[in-house]
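Geometric and topological summary
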Amino acid sequence: MAVRVAAEAESRAGSRGSGAARTRRFSRAVLKRLLSGLLTLVLVSVITFALLLLVPGDPAVSLAGENPTAEQVEQIRTSLGLDKPVVVQYLTWAGSVLTGDFGTSLYSQQPVIEAIAHRLPVTLSLIAGALVLALVVGGGLGLWGGLKYRDKSGAIIAAAGTFAMSIPPFVLGMLLVLVFALTYPVLPATGYVPFSSSPTQWFLCLVLPWVALAGSPIAAVAGQARSAVIGVLGQDYIRTARAKGLSRKSIITRHVARNSLMQVVTVLGGEIAVMIGATVVVEQLFALNGLGSLIVESVFRRDFPVVQGVVLTAAAFVVVVNMVIDLSYSWLNPKVRTA
Amino acid sequence: MKLSEASRPGKAMPWLRSASLLLPMTLVLTACASSGGAPSGGGESVLRYAHDASVTQLDPDLASGASSNAALFLTFDRLIDIDADSQGELKPGLATEWTFADDGLSLELKLREDVTFHDGTPFDAEVVKANIERSQTVEGSNTAGDLESIESVEVVDSSTVVLRLSQPDTLLPARLALKAGLMINPSAFDDPDLGLKGIGGTGPYEVESFEPGDQIVFTQYEDYWDEEAGDFEKVEFLFMPDEQARLAALRSGQADLAALEQSQVDTLESSDTDYLSGTTFSFRFIHLNRSDPALEDVRVRQAINYAIDRETLMSTIYGEDSKASDSIMPAGDWAYGDYSPEVLYEYDPEKARELLAEAGYEDGLSIEMLVFTTPDFQRLAEGIQAQLSEVGVNLELAQTTPDQFGEMFFVQQSAPANLNYYQPGPSPLITLNQLFHPDAFTNPGGNTSPDVADAIEHANTAMDESEAEAATSEAIEAVREDAETVVIGYPTSVIGYDGEVVGDVEIPQVGPIDLRYLKNLGTNNS
């Protein structure tokens, strides 16, 4: 990283070039990312559709009940449009999506949008909380470990991180339930209470799932932050800052933390995608009926409109997060902005 | 809408701006003071049931799978009920009496008076007529097959209705004790809220809220005709697919009643949790497609039956309380008096090898079997695989799920065998019809031995009860003798509960767990 970064970061507020030109460049960058994001979503929907076709299973058979007749199954298949050619099925679906209609579940007749709207708060609460934990705890530990990297405590943090990273969420989750819900019953083992009904219950119900989901990302963030901090500490501008007589506190907050953040944010982008995957397991473990459990059930039932809806939601989430992260680079590091 | 609540914790993100990294480490562990309580409040008595299967649909004619029955039966009443205490005998529901005419071509139902739907509409004979006609015709109906024999419905007076049949159908009352007998308020027939909100029942509980595949909250219906039922003010039906989560919820107080598994009995014992464990009429069996070139031969099917050591398999996988058996009819007192069959297929690998050699398979044979991915089915399949390999049968296991196997096994017929379970209805004749009737969708290949097919047909159209019973018994034995299937045995079911909250918990022999008559012990007023 260039020596000049810190100086540039400090002059961030000052204008460089004309404001209008910068806004134009910025919005072009946003537009480009939006377009590539859309393309990603189209690809994801095609791949999801193809994957569903590869695995056997016909919703019409399960829908026909315990004592079906062959005609009944055929009738249900026709009424759901499952007898049409695959391409027609996909295009019909895609066409309605373009008009904002994501269809209805083959099983419940509930509009897919409603099902997702009901489940999304659960999963978003889960991911957002785990993300905050990963950033705050992981970042904090990493900064501490980096600052103390020559001490014993720094080495212990590094070793603990490697260990923590290798614990899968379901193992951590089961341990947490065993200790904090069964042996010392201080927190509920299962369930979800909407924030609007009771913020306290919402928080208490989510503590264990958050920790279970954040365990490995905390370690990943801490590791990345630690090495970033060590790297930054070796930079000339830190020596300069010290020589200038800046207080230790302001060196850490204004230079070390800020300049390490970019690498941490990059790691976080990857971790979010991993976390979305892990919610499937964590939701089952804590009986949280969010998007993860919705998609598991829907995949098994071949409830195609719901599967597509959830996959698209998750994909859109990842696309948006990555876009935000990309754009945040330019906030964290003005050099990227001009590139 | 709710999105904004959820994104609120995200607002903690502005710490980025101040970058004060060091303080938040203390944030995590300060909130553990109060214990986790039930989501509901307000001093009401609540029963929270952790259910193992999801309910997606509350329209009785569209809801698929037996797993939704436990919820449907809380809010909709059936014409005829099943007595949970007496091994699945039929008892009055919305109909107090049912009598076949002498020629067997009509069934007269006397209806209970003073029954009202949740919106106050009275229940009467016209309602029954409308319901049967709807079940027979509504698009996507999965009860139409159960009511096929009904040609027309005649309203005699407001509390008497006569079902005219195209042919004698002794099973009809038993089927009216399942989904096909559920009565819906005709004003709800075309209302999407029937399926999405569960409106339009007469049952002891009304649906307060329903989120497909998640949870259902029921509230007591105060004008219910049977005062014994509906003792709790609220029933929460919580869907928890993971059995560990159900057990944890029960032990840490987020559920009062939970469907559990045999493998969890040790934990229940050691943690002093109340539970019931017992066999039901549900059995594990290998469903065979007898049109398969090898399985067409009765000797091959008998050989497989002889090659399986049921006692060992059942006791190792389902515990000492489970019962090994080779019959689709459970031993004991069900339907037609005491039944205690002699074991026909005693474990005898030598005999199995002989039979296979006779059938021309002295060099062995390969059979593909579909198996559910759940742990107990996997273990059972591996046990069977090991035992069959002793006699030269190579069982290839192919993975499937309960939602998938139907397509693979019944429609595509991609494998000739499926390790499955069967949960019988209130009559063994239903079992016979579903698994062995030559025209049944769930009898892939339709190749049923003439003995069995004739006996089933005879039982279905018998004029009087004793004739039907005799024919059914005959069919049950013919199924065994001709080795139409491979029954392994009757596993145990386990229900865990909090004995301070809920009383009168029973494991029903037939049908789903019955939450209607559970007693409120008055300690769960959260």
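Coordinates for the structure precede this section.
Below is a short write-up of the structure. (Residues numbered from 1 in each chain as written. Chains lettered and ligands numbered in written order. Predicted model: local features only at pLDDT ≥ 70, side-chain atom pairs only at ≥ 80, totals over all residues. Heavy atoms only, no water.)

Examining the pattern of salt bridges
All names here are of chain B. With the rule as written, the count across this model stands at 23 salt bridges over all chains. When the shortest N-O distance is used, the salt bridge between Arg 516 and Asp 81 registers 3.0 Å. Here Arg 516, found in the loop between strand S22 (502-503) and strand S23 (519-520), pairs with Asp 81, found in strand S2 (residues 80-83); they are 435 residues apart in sequence, far enough to count as distant. Both residues of the pair, Arg 516 and Asp 81, count as buried. Taking the shortest distance from any N to any O, the salt bridge between Asp 169 and Arg 175 comes out at 2.5 Å. One continuous salt-bridge network, built from bridges that share partners, spans Arg 78, Asp 81, Asp 514 and Arg 516. (Salt bridge = Lys/Arg side-chain N within 4 Å of Asp/Glu carboxyl O. Helix = DSSP H or I, 4+ residues; strand = E, 2+ residues; numbered from the N terminus. Buried < 20%, exposed > 50% of the residue type's maximum accessible area, 1.4 Å probe, protein only.)

A look at the nonpolar core
Ile 286, Ile 308, Ile 384, Leu 419 and Ile 488 of chain B are the most contacted members of the largest nonpolar core, which totals 53 residues. In terms of residues, this core owes the most to one element, strand S17 (residues 365-372) of chain B, which gives 6 residues. If we ignore the near neighbours within four places in the chain, the residues touching Ile 384 of chain B are Ile 286, Ile 308, Leu 313, Leu 395, Leu 419 and Ile 488 of chain B. One finds Leu 133, Leu 176, Val 207 and Leu 213 of chain A within the second-largest nonpolar core, a separate group that totals 48 residues. (Core = buried A, V, L, I, M, F, W, Y, C linked by side-chain atoms within 4.5 Å. Contact = heavy atoms within 4.5 Å.)

Description of a negative patch on the surface
All names here are of chain B. Taken together, Asp 439, Asp 451, Asp 454, Glu 457, Glu 474 and Glu 481 make up a surface patch of like negative charges. Those elements giving two or more residues to the negative patch turn out to be helix H15 (450-460) and helix H16 (465-481). Tallying contributions element by element places H15 first for the negative patch, with 3 residues. Among the structural elements, Asp 439 can be located in the loop between helix H14 (428-436) and H15. (Patch = residues over 30% accessible without salt bridge, like charges linked within 9 Å, V, L, I, M, F, W, Y side chains within 5 Å. Areas by Shrake-Rupley, 256 points an atom, 1.4 Å probe, with all protein chains shown as cover. Lys, Arg positive; Asp, Glu negative; His and termini not counted. Charge placed at Lys NZ, Arg CZ, Asp CG, Glu CD.)

With respect to unusual backbone geometry
At Arg 302 of chain A, a position not held by glycine, the phi torsion is positive, near 60°. Given the relative accessible area of 8%, Arg 302 of chain A is considered buried. With phi around 60°, Asp 504 of chain B is a residue other than glycine that occupies positive phi space. Residue placement: Asp 504 of chain B occurs in the loop between S22 and S23. Its relative accessible area of 52% is what places Asp 504 of chain B among the exposed residues.

Remarks on the sheet that holds strand S18 (residues 393-400) of chain B
Residues and elements named next belong to chain B. With respect to topology, 6 strands assemble into an open sheet ordered S14-S20-S13-S19-S17-S18, the strand pairing being mixed. Every interior strand has two partners, whereas the edge strands, strand S14 (323-324) and S18, have only one. In this sheet, strand S19 (residues 417-422) lies alongside S17 in parallel orientation, the contact comprising 2 bridges. Note on S19: the bridge partner recorded for Met 369 is Ala 417. (Pairing = 2+ DSSP bridges.)

Concerning a positive patch on the surface
A cluster of like positive charges, contributed by Arg 24, Arg 25, Arg 28 and Lys 32 of chain A, occupies part of the molecular surface. Its place among the elements puts Arg 25 of chain A in helix H2 (residues 19-54).

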